[in-house]
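So you can see what is in the structure, the chains are spelled out below.
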Amino acid sequence: MDNSKFVNLELIQKTENLDANSAWKKCLTIIKENVTLMTYNTWFLPIRPVSLDQNTLKVQLPNPFFWEWIDEHFSTIVKKTIYDVLGPNGKLSYIIADEKEIKEEALFNSANTSNPVIIKTVETKKPSHETNLNPRYKFENFIKGEGNQLARAAAGAISDNPGGTSFNPFFVYGGVGLGKTHLIQSIGNSIVEKFPGKKVIYLSTDSFTVEFVEAIQANRVNEFSGFYRNMDVLIIDDIQFITGKEKTQDLFFHIFNTLHQSRKQIILSSDKPPKELKGLDERLISRFQWGLSADIQPPELEMRIAILKNKAEDYGMMISTEILEYLANNITSNIRELEGSLIKLLASASLNSKEITLDLAKRTVKEIATDRKINITIDDISKIICTQLNIPENKIREKTRKKEIVLARQLAMYFSKELTKNSLKTIGLHFGGRDHSTVIHACNNVEQMHKSDTSMRDLIDSIRNKLELNYS
Ligand code: ADP
Ligand code: MG
């Protein structure tokens with residue numbers, strides 16, 4: 001690295017004359033001269049100054065990933081910059097945007113540039129009111145789409161009138177990474193804001209179970225149960241994990257009754273609707289169905305694009321619409337993976353000091369596809385497709401030219417090639433002893449339909465979602 005650029009005497013200032021804004025501005029000026037424009041835009045522009053106390057400049061980062069990245073790749077530059085701007089005792093500490101519960105703070109210390117020590121302390125700051133809610137999850141950054149319309153609308157109504165709607169309990173279900181946690185925590189955050197007097201608590205089913213076991217051991221079950229019976233809003237995430245735990249279910253049953261009778265709001269999430277939760281007490285299944293059960297479906301294309309745009313802005317990334325659309329077209333299963341694709345893209349672009357190009361996006365998508373652990377067989381695929389298209393399973397192997405059967409067969413061949421490791425030959429054999437060129441033809445045909453026919457595209461995407469959700 002060329003360090004000569006750091007000798008910039010004009011920028012050496014006495015810290016007492018600086019406020020956080022101007023100190024950070026000076027830092028940016030130096031940093032800009034020493035990194036590529038893309039690195040600057042991606043990693044440094046989104047950082048906000050917070051305060052300057054003595055020699056310590058505190059800044060805010062959009063997410064923890066920024067810290068890891070800067071620490072790993074730019075710590076030398078940052079340290080030298082602090083030295084230049086804040087002097088030999090200068091320090092840079094950071095906080096993560098919006099993280100109230102756990103405040104991570106790390107320090108870059110400019111006093112010791114030759115042998116830099118990064119002091120990292122994790123302090124936990126208890127919010128005034130222990131809700132366990134993560135303030136990052138808000139309605140404002142929850143994007144609406146067809147797949148979450150009902151759930152989102154009900155969530156809004158509940159937050160206006162907790163316990164006072166017929167949506168009690170409110171039971172949200174759907175696959176992983178689709179926004180259940182985000183949505184139910186948004187309700188909690190909104191209620192805390194609108195009704196500061198209400199006692200709101202969020203916890204995962206696992207924490208609930210662990211606390212319960214601890215309460216049993218400490219002989220404090222009554223206290224434990226009383227605590228939750230005393231809430232105005234009880235939000236429990238991933239309630240499917242209560243299945244098979246009889247004692248916990250029994251206790252939860254009583255808490256549920258007390259809350260429900262006194263018109264307190266109960267909000268639950270799960271990967272499946274209540275009646276499909278095997279190993280759940282019938283009494284609970286029926287109670288879970290008293291209020292409103294709303295599902296969240298995988299996001300459609302427009303929503304995927306909207307989410308990517310939004311997150312790219314959050315991360316301060318500049319990405320062309322073409323690339324966002326490419327990602328949205330190719331990462332279809334869930335929202336967590338969409339977010340992951342952006343981070344991955346960002347990381348590989350700046351690791352290799354490359355621009356974010358369509359080519360890089362294509363490679364990132366490929367990597368994600370290989371990372372994805374999907375464990376599915378040709379038979380699983382045939383079964384799901386036949387169910388979806390409403391045709392008997394054995395028909396798919398028959399020598400018929402009936403339109404819907406040919407379609408099912410082609411789709412099944414296409415997904416078998418996409419999602420399993422079988423050779424074209426093996427795939428052909430599975431579908432009535434057809435040869436490998438038939439499989440290639442089928443795959444091309446499906447790809448063509450995906451490009452040119454919107455209703456086919458929806459069908460293909462929805463099958464892909466189903467396969468991935470059920471077998472990842
Ligand atoms: P789940 O609990 O269903 O597994 P999460 O709520 O944890 O899913 O969501 C996964 C990630 O996707 C989170 O970072 C969340 O903020 C984001 N996310 C999910 N749904 C949306 C949405 N509708 N708008 C914006 N971000 C979303
Ligand atoms: Mg969740």
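Here the structure is a predicted model, which is why all the values come from computation and not from measurement.

Thoughts on the side chain of Ser333
Within the secondary structure layout, Ser333 lies in the loop between helix H12 (321-330) and helix H13 (335-351). Classification of Ser333 by relative accessible area gives buried; the value is 6%.

Things to note about the sheet that holds strand E8 (residues 233-237)
On the basis of which strands lie adjacent, the open sheet formed by five strands has the order E7-E8-E9-E6-E10 and parallel pairing. Two strands bound the open sheet, and with one partner strand each, they are strand E7 (200-204) and strand E10 (292-296). Taken over all neighbouring pairs, the strand axes of this sheet differ in orientation by 15 degrees on average, direction set aside. By the bridge criterion, four bridges tie strand E6 (residues 170-174) to strand E9 (residues 265-270) in an arrangement that is parallel. Considered in E9, the bridge of Phe170 is made with Ile267.

Observations regarding helix H7 (residues 205-217)
For H7, built from 13 residues, the straight-helix expectation of 18 Å at 1.5 Å per residue is met to within 8% by its first-to-last C-alpha distance of 19 Å. What H7 keeps buried is the set Thr205, Phe208, Thr209, Phe212 and Ala215. For H7, the angular spread of the buried residues around the axis is 125 degrees, confining them to a single face. Two residues or fewer after H7 comes Asn219, characterised by a positive phi angle close to 60 degrees.

Here we look at H12
For H12, the set of buried residues is Ile323, Leu324, Leu327 and Ala328. Buried residues along H12 cover an arc of 135 degrees about the axis, so they all sit on one side.

Quick look at the site of ligand 1
Close to ligand 1 lie 19 residues, the nearest being Ile143, Gly177, Lys180, Thr181 and His182. Taking Ile143, its main chain carries an N or O atom lying 2.7 Å from a nitrogen atom of ligand 1. One of the side-chain N or O atoms of Glu339 is found 3.0 Å from an oxygen atom in ligand 1. Alone, ligand 1 offers 560 Å² of accessible surface; in the complex the protein occludes 94% of this. The set of elements that each furnish at least two residues to the shell around ligand 1 consists of helix H6 (180-194), helix H11 (301-314) and H13. Here the shell around ligand 1 is built from residues that sort into seven nonpolar, seven polar and five charged. Lining the shell around ligand 1 are residues from two domains, each supplying at least three of them: domain 2 (139-296) and domain 3 (301-370).

Quick look at the environment of Ile376
Inspection of the secondary structure assignment puts Ile376 in the loop between helix H14 (358-371) and helix H15 (378-389). For Ile376 and Leu419, which are 43 residues apart along the polypeptide, the C-alpha to C-alpha distance reads 7.2 Å.

Regarding unusual backbone geometry
The linkage connecting Asn168 with the following residue, Pro169, adopts the cis geometry, with an omega of 5 degrees. Secondary-structure assignment places Pro169 in the loop between helix H5 (149-160) and E6. Look at Gln54: it is not a glycine, yet its phi comes out positive at around 55 degrees. By secondary structure assignment, the location of Gln54 is in the loop between strand E1 (48-53) and strand E2 (56-61). A residue is classified by how much of its surface remains accessible, and Gln54, at 65% relative accessible area, is exposed. The phi torsion at Asn219 lies on the positive side, around 60 degrees, for a residue other than glycine. Along the chain, Asn219 turns up in the loop between H7 and helix H8 (221-229). The exposed category is assigned to Asn219, whose relative accessible area is 72%.

What counts and what doesn't
- Residues numbered from 1 in each chain as written.
- Chains lettered and ligands numbered in written order.
- Predicted model: local features only at pLDDT ≥ 70, side-chain atom pairs only at ≥ 80, totals over all residues.
- Heavy atoms only, no water.
- Helix = DSSP H or I, 4+ residues; strand = E, 2+ residues; numbered from the N terminus.
- Buried < 20%, exposed > 50% of the residue type's maximum accessible area, 1.4 Å probe, protein only.
- Pairing = 2+ DSSP bridges.
- Axes fitted to C-alpha atoms, helices over the stretch in contact; angles between N-to-C directions.
- Expected span 1.5 Å × (residues − 1).
- Arc of directions from axis to C-beta.
- Near = heavy atom within 4 Å.
- Polar contact = N/O pair within 3.5 Å; in protein donor to acceptor, adjacent residues only side chain to side chain.
- Areas by Shrake-Rupley, 256 points an atom, 1.4 Å probe, with all protein chains shown as cover.
- Nonpolar A, V, L, I, M, F, W, Y, C, P; charged D, E, K, R; others polar.
- Domains from an automatic or database assignment.

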